[in-house]
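Summary of the model geometry
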Amino acid sequence: MDGSAEPAGATRVQLCGAFAAEVRGRRVDHALPGRQGRLLLGFLVLSRPRQVPREALIEALWGDSPPPGAPAALSVLVSKVRAVVGPEVLRGRGTLSLRLPEPAYVDVEVAASALHTAESAVALREWRRAWTLSLTAQFVARRPFLPEADRPWAESWRRRLETMHVRALECYATACLELGGPELPGAERAARDLLDVAPLRETGHLLLMRTLATGGNVAEALTVYERLRVLLRDELGVDPCREVQDAYTELLG
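What counts as what
- Note on numbering: residues in each chain are counted from 1, in written sequence order.
- Whole-chain, interface and lining totals are the exception, using all residues; otherwise, since this is a predicted model, local features are given only for residues with pLDDT of at least 70 and side-chain atom pairs are given and counted only at 80 or more.
- Side-chain calculation: all heavy atoms of the structure are included, whereas hydrogens and water are not.
- Here, the term nonpolar core denotes a set of buried Ala, Val, Leu, Ile, Met, Phe, Trp, Tyr and Cys residues that are joined through side-chain atoms within 4.5 Å.
- Here the term buried applies to any residue with accessible area under 20% of the maximum for its type, exposed to any over 50%, and partly exposed to those in between, with areas from a 1.4 Å probe on protein chains only.
- Secondary structure is summarised from DSSP: a helix means a run of H or I of at least four residues, a strand means a run of E of at least two, and numbering begins at the N terminus for each.
- In this description, contact between two residues means that some pair of their heavy atoms is separated by no more than 4.5 Å.
- Two rings belonging to Phe, Tyr or Trp (six-membered ring only in the last case) form a pair when the distance between their centres is within 6.5 Å. Interplanar angles under 30 degrees mark stacking, angles over 60 mark edge-to-face geometry, and anything in between is tilted.
- Helix span, expected: 1.5 Å multiplied by one less than the number of residues in the helix.
- Think of the arc as the fan of directions from the helix axis to the C-beta atoms.
- Polar contacts, as counted here, are pairs of nitrogen or oxygen atoms within 3.5 Å of one another; within protein the pair requires one atom able to donate a hydrogen and one able to accept it, and residues that are adjacent in sequence qualify only if both atoms are side-chain atoms.
- In this analysis, axes come from line fits to C-alpha atoms, helices being fitted only over the stretch in contact, and the angle between any two N-to-C directions falls in the range 0 to 180 degrees.
- With the far helix as reference, a near helix turned anticlockwise by less than a right angle produces a left-handed crossing, and one turned clockwise produces a right-handed crossing.
- Residues are grouped as follows: Ala, Val, Leu, Ile, Met, Phe, Trp, Tyr, Cys and Pro are nonpolar; Asp, Glu, Lys and Arg are charged; all remaining types, including Gly, are polar.

Re the nonpolar core
Counting residues in each nonpolar core, the largest one holds 53 residues, and the members touching the most others are Leu15, Val108, Phe145 and Trp153. Breaking this core down by element, the ones donating at least two residues are β2 (20-23), α1 (34-47), α2 (54-62), α3 (70-85), β6 (95-98), α4 (107-123), α5 (127-141) and α6 (152-179). Discounting residues that sit within four places of it in the chain, valine 108 has contacts with Leu15, Cys16, Leu46, Val140, Phe145, Trp157, Leu161 and Met164. Ranked by size, the runner-up nonpolar core spans 30 residues in total, among them Val166, Ala173, Met209 and Leu232.

See below:
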């Protein structure tokens, strides 16, 4: 799993992309009891440090209309997962909680922290730092979250990660644009990715306009503006925001 910069013996959980889990450097995901075992562990990881009632776990695994045997099935599942991760990690009976041994790295938590710091770095104009951290956030947020999970809690996390991905792309494109030179192609790729995942988000169009203009392609930058103007008119009946219009005027000038 990812995380080569993390110390040996660390605890790691990867929820985006291929599910993977290590406890104190010991790989445990392959020993979990199938799909339900992976989803139980994933849900408890994301619920830390709260204690989770068994009723909430049943709903997370079987939905709001669980089968009659769900409580007994949960008890068996909890016992099997506890045997894999250890009783010091999975605690409780009536309510359950997960305590990951430190140092612990959960990919979605690492991505959220990296994104927060990247946005702060952009505000401080620390472009190289923003570049590195926004790339870290992108790497996680762009991958599918627990593809096996089809419950509302998983959909909620997918929406959060989609938003994180958009924000990370904005940070990365901005940092690449400000760094300039060999990073300009990265700014263009990130801006175009923004248009793909969030076509009505004007930031992506603005970043693409500025990147193209910086690279000397003013004509294409003007075309980007025109596409945005038509898109907003047809979809929302509005004009581009003032910042985008000012950038357009500057290109003309």
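Remarks on the packing of aromatic side chains
As enumerated under the stated definition, the model contains five aromatic pairs in all. Between phenylalanine 43 and tryptophan 153 the ring centres are 5.0 Å apart and the planes differ by 75 degrees, which places this aromatic pair in the edge-to-face class. In this pair, phenylalanine 43 is assigned in helix α1 and tryptophan 153 in helix α6, connecting sequence segments 110 residues apart. When sorted by exposure, phenylalanine 43 lands in the same class as tryptophan 153, which is buried.

A closer look at unusual backbone geometry
Of note, the amide linkage connecting arginine 48 to proline 49 takes the cis form, showing an omega dihedral of 0 degrees. In this structure, proline 49 sits in the loop between α1 and β4 (52-53). The omega torsion across glutamate 102 and proline 103 is -5 degrees, close enough to zero to call that bond cis. Secondary-structure assignment places proline 103 in the loop between β6 and β7 (104-106). Even without a glycine there, the phi angle at arginine 24 is positive, about 55 degrees. If you trace the backbone, arginine 24 turns up in the loop between β2 and β3 (26-27). The exposure class assigned to arginine 24 is partly exposed, which follows from its relative accessible area of 48%.

Structural notes on the environment of proline 53
With respect to the helices and strands, proline 53 occurs in strand β4. We classify proline 53 as partly exposed; its relative accessible area is 34%. On a C-alpha basis, the gap between proline 53 and arginine 167 in space is 34 Å, while along the polypeptide they are 114 residues apart. What proline 53 contacts, discounting residues up to four positions off in sequence, is Gly94 and Thr95.

With respect to α4
With 17 residues, α4 should cover 24 Å at 1.5 Å per step; its first-to-last C-alpha distance of 24 Å lies within 8% of that length. Looking only at α4, the buried set comprises Asp107, Val108, Ala111, Ala114, Leu115, Ala118 and Ala121. End-on, the buried residues of α4 take up no more than an arc of 140 degrees, which puts them together on one face. Across from the buried face of α4, at angles greater than 90 degrees, the exposed residues are His116 and Ala123. Lining the buried residues of α4 we find β1 (11-14), α1, β7, α5 and α6. Phi turns positive, to about 65 degrees, at arginine 125, one or two residues after α4.

Quick notes on the side chain of glutamine 14
For glutamine 14, the location among the structural elements is in strand β1. A polar contact of 2.9 Å, which involves the side chain of glutamine 14, links it to the backbone oxygen of alanine 18.

Here's the deal with the packing of helix α9 (residues 218-235) against helix α10 (residues 242-252)
Contact geometry of α9 with α10 gives a least axis separation of 10 Å together with a crossing angle of 145 degrees. Every pair of crossing elements has a handedness; the one defined by α9 and α10 is left-handed. Along its contact with α9, which presents Val218, Ala221, Leu222, Tyr225 and Leu228, the element α10 presents Val244, Gln245, Tyr248, Leu251 and Leu252. Residue composition of the contact of α9 with α10, by class: nine nonpolar, one polar and no charged.

Interpretation in functional terms is not warranted from these geometric data alone.
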